[in-house]
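These are the residues of each chain, in order.
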Amino acid sequence: RMFVQVCLYFYCKCLWRCLKFVVRKLTGRCELQRICYNTKPGAARTMKIEASLKGSKSKRLQTSVSVHPDAIEKTIDDIMELKRINPDINPQLGVSLQACLLQIVGYRNLVAEVEKLRREPYDSENPQHEEMLLKLWKCLKPNSPLKARISKQWCEIGFQGDDPKTDFRGMGLLGLYNLVYFAEWDTGIAQQVLSDSLQPKYSISMTLSPLPSQFSKAEWEKKKFDKAIGYSFAIVGINITDLTYNLLVSGALKTHFYNVAPEAPTLTHFQQTFCYLMHEFHKFWIEEDPLDIMEFNRVREKFHKRILKQLQNPDMALCPHFAASESLINM
């Protein structure tokens, strides 16, 4: 059986290469040219270019997806030379390839940057770490001064104990970075989500999220007083950081980033995506109407599958709602 599978693999591989050769002879264009000329800019084009380069028999083309950003222009020249493409006759091809490579290389670098933050533990002896933690409190509770660094007050924003540093173990500094970004750049929504999560009864602001489609206004007015929302804001934020991280590392977020970042996606793009997912999860939690916090993993998994399904669409951009992303949406 294994022998048959190996033979089938090589047969299909040879057949594919022969087909590409015939198409090039008929059209006068290589695969990279056909993709750039026939596919609109964005994730659809960039992901096809990435697959074509990785699947090439040329080592130079295979390694082009992992070059340093400063070497991209030279890499484009090498690709044009290797493919025997005249840049004077095909000026737009170089521009399109450069944009795609910037996104591909940028995504790889973003994964490395995010991973570095995730691996760095919170250090209470580090003044910068402590300053960020205190900024989180000030953004979320501007009218309630923190009485002490070690305090029960941290439970008011959803940490589990007197010292938040123990809650960052799973995601390291990445969890804190995301929470601070959400609280600082999308303060109104962050404070509203925190307020909702603390309410003993449903008291969801209708300006925060639209009326869930499956309920009439009268049903929603009755339903929103049924029981508590029941989740810890900070702990859920760290958990949604984990979800966002896994979407990034798995490559699922390529669709979104390649559609919203005209060049290399950055840490800011990642943090904005976290804010979007945090807000969407809050609405999803309410719509799912869980009995209590014990259903968190079920709701989270269902939410994860929904996002993955959305990202399978090559035209998908998660379109963050908050002010920090408006400039990116308009690009």
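This structure is a prediction, so every number in the text was calculated from the model and none was measured.

Draft legend 1. Highlighting the packing of aromatic side chains. This model, assessed by the stated rule, comprises 15 aromatic pairs. With centroids separated by 6.2 Å and ring planes inclined at 35°, the aromatic side chains of Tyr 181 and Trp 185 adopt a geometry described as tilted. Placement of both Tyr 181 and Trp 185 in helix α8 (residues 172-185) is noted, with a separation of 4 residues, approximately one turn of the helix. Judged by relative accessible area, Tyr 181 falls into the buried class, the value being 10%. Taking 5.5 Å as the distance between ring centres and 50° as the angle between the ring planes, the aromatic pair formed by Phe 284 and Phe 303 counts as tilted. Residue Phe 284 is located in helix α13 (residues 267-288), and its partner Phe 303 is located in helix α14 (residues 296-311); the two are separated by 19 residues in the primary sequence. The exposure class assigned to Phe 284 is buried, which follows from its relative accessible area of 4%. Feature note: the residues Tyr 231, Phe 281, Phe 284, Trp 285, Phe 296 and Phe 303 constitute an aromatic cluster, connected by ring pairs. Lys 254 extends its terminal NZ or CZ atom over the ring of Tyr 107, reaching a point 5.6 Å from the ring centre.

Draft legend 2. A look at the packing of α8 against helix α11 (residues 233-250). Packing of α8 against α11 leaves a shortest axis separation of 9 Å and a crossing angle of 110°. By the angle between their directions, the pair α8 and α11 is classed as roughly perpendicular. Crossing hand, α8 versus α11: right-handed. Residues Leu 174, Gly 175, Asn 178, Leu 179 and Phe 182 of α8 form the contact with α11, whose participating residues are Phe 233, Ala 234, Gly 237, Ile 238, Thr 241 and Tyr 245. The residue makeup of the contact of α8 with α11, split by class, is 7 nonpolar, 4 polar and no charged.

Draft legend 3. Geometry of the packing of helix α2 (residues 31-38) against helix α6 (residues 91-119). The geometry of α2 relative to α6 is characterised by a closest axis approach of 10 Å and an angle of 85° between their N-to-C directions. With respect to each other, α2 and α6 are oriented roughly perpendicular. Note on element contacts: α6 touches α2 through Leu 93, Ser 96 and Leu 97, opposite Leu 32, Gln 33, Cys 36 and Tyr 37. Among the residues making up the contact of α2 with α6, the classes are represented as 5 nonpolar, 2 polar and no charged.

Draft legend 4. The nonpolar core, seen in detail. Residues Ile 49, Leu 136 and Leu 176 are the most contacted members of the largest nonpolar core, which totals 83 residues. With 11 residues, α6 is the single largest residue contributor to this core. Each of two domains, domain 1 (28-119) and domain 2 (127-201 + 226-312), supplies a minimum of three residues to this core. Non-local contacts of Ile 49, meaning those with residues more than four positions away in its chain, are made with Leu 32, Ile 35, Cys 36, Leu 97, Cys 100 and Ile 104.

Draft legend 5. Molecular detail of the state of the cysteines. If you walk through the whole model with that rule in mind, you get 0 disulfides. Of the cysteine sulfurs around Cys 36, a residue in no disulfide, the closest is that of Cys 100, at 5.4 Å.

Draft legend 6. Looking closely at the pattern of salt bridges. If you walk through the whole model with that rule in mind, you get 17 salt bridges. Residues Asp 78 and Lys 74 are paired through a salt bridge, measuring 3.2 Å at the closest nitrogen-oxygen approach. Taken together, the residues span about one helical turn, with Asp 78 and Lys 74 both in helix α5 (residues 72-82) at a distance of 4 residues. In the salt-bridge network here, residues are joined through shared partners; they are Glu 288, Glu 295, Arg 298 and Lys 302.

Draft legend 7. Representation of the confidence of the model for the protein chain in the model. For the protein chain, per-residue confidence averages 84 on the pLDDT scale, and residues scoring 70 or more make up 78% of the total. This model gives residues 19-26 a pLDDT under 50, and the stretch forms 7 contacts once residues within four places in sequence are excluded. Counting contacts from residues 201-209, a segment whose pLDDT is below 50, to residues more than four positions away or on other chains yields 31 contacts.

Draft legend 8. Structural detail: unusual backbone geometry. Of note in this structure, Arg 84 is not a glycine but carries a positive phi near 55°. Here Arg 84 shows up in the loop between α5 and α6. A residue is classified by how much of its surface remains accessible, and Arg 84, at 79% relative accessible area, is exposed. Phi at Asp 289 takes a positive value of approximately 55°, unusual for a residue other than glycine. The topology assignment puts Asp 289 in the loop between α13 and α14.

Draft legend 9. Representation of α5 in the model. Looking only at α5, the buried set comprises Ile 72, Thr 75, Ile 76, Ile 79 and Met 80. Down the axis of α5, the sector holding all buried residues measures 140°, keeping them to one side. Pointing more than 90 degrees away from the buried face of α5 are the exposed residues Glu 73, Lys 74, Asp 77 and Glu 81. At the C-terminal side of α5, Arg 84 shows a positive phi close to 55°.

What counts as what
- Residues numbered from 1 in each chain as written.
- Predicted model: local features only at pLDDT ≥ 70, side-chain atom pairs only at ≥ 80, totals over all residues.
- Heavy atoms only, no water.
- Phe/Tyr/Trp six-rings, centres within 6.5 Å; stacked < 30°, edge-to-face > 60°.
- Helix = DSSP H or I, 4+ residues; strand = E, 2+ residues; numbered from the N terminus.
- Buried < 20%, exposed > 50% of the residue type's maximum accessible area, 1.4 Å probe, protein only.
- Lys NZ or Arg CZ within 6 Å of the ring centre and 35° of its normal.
- Axes fitted to C-alpha atoms, helices over the stretch in contact; angles between N-to-C directions.
- Parallel < 35°, antiparallel > 145°, perpendicular 65-115°, else oblique.
- Left-handed = near helix turned anticlockwise from the far one by under 90°.
- Contact = heavy atoms within 4.5 Å.
- Nonpolar A, V, L, I, M, F, W, Y, C, P; charged D, E, K, R; others polar.
- Core = buried A, V, L, I, M, F, W, Y, C linked by side-chain atoms within 4.5 Å.
- Domains from an automatic or database assignment.
- Disulfide = S-S within 2.5 Å.
- Salt bridge = Lys/Arg side-chain N within 4 Å of Asp/Glu carboxyl O.
- pLDDT = per-residue confidence, 0-100.
- Arc of directions from axis to C-beta.

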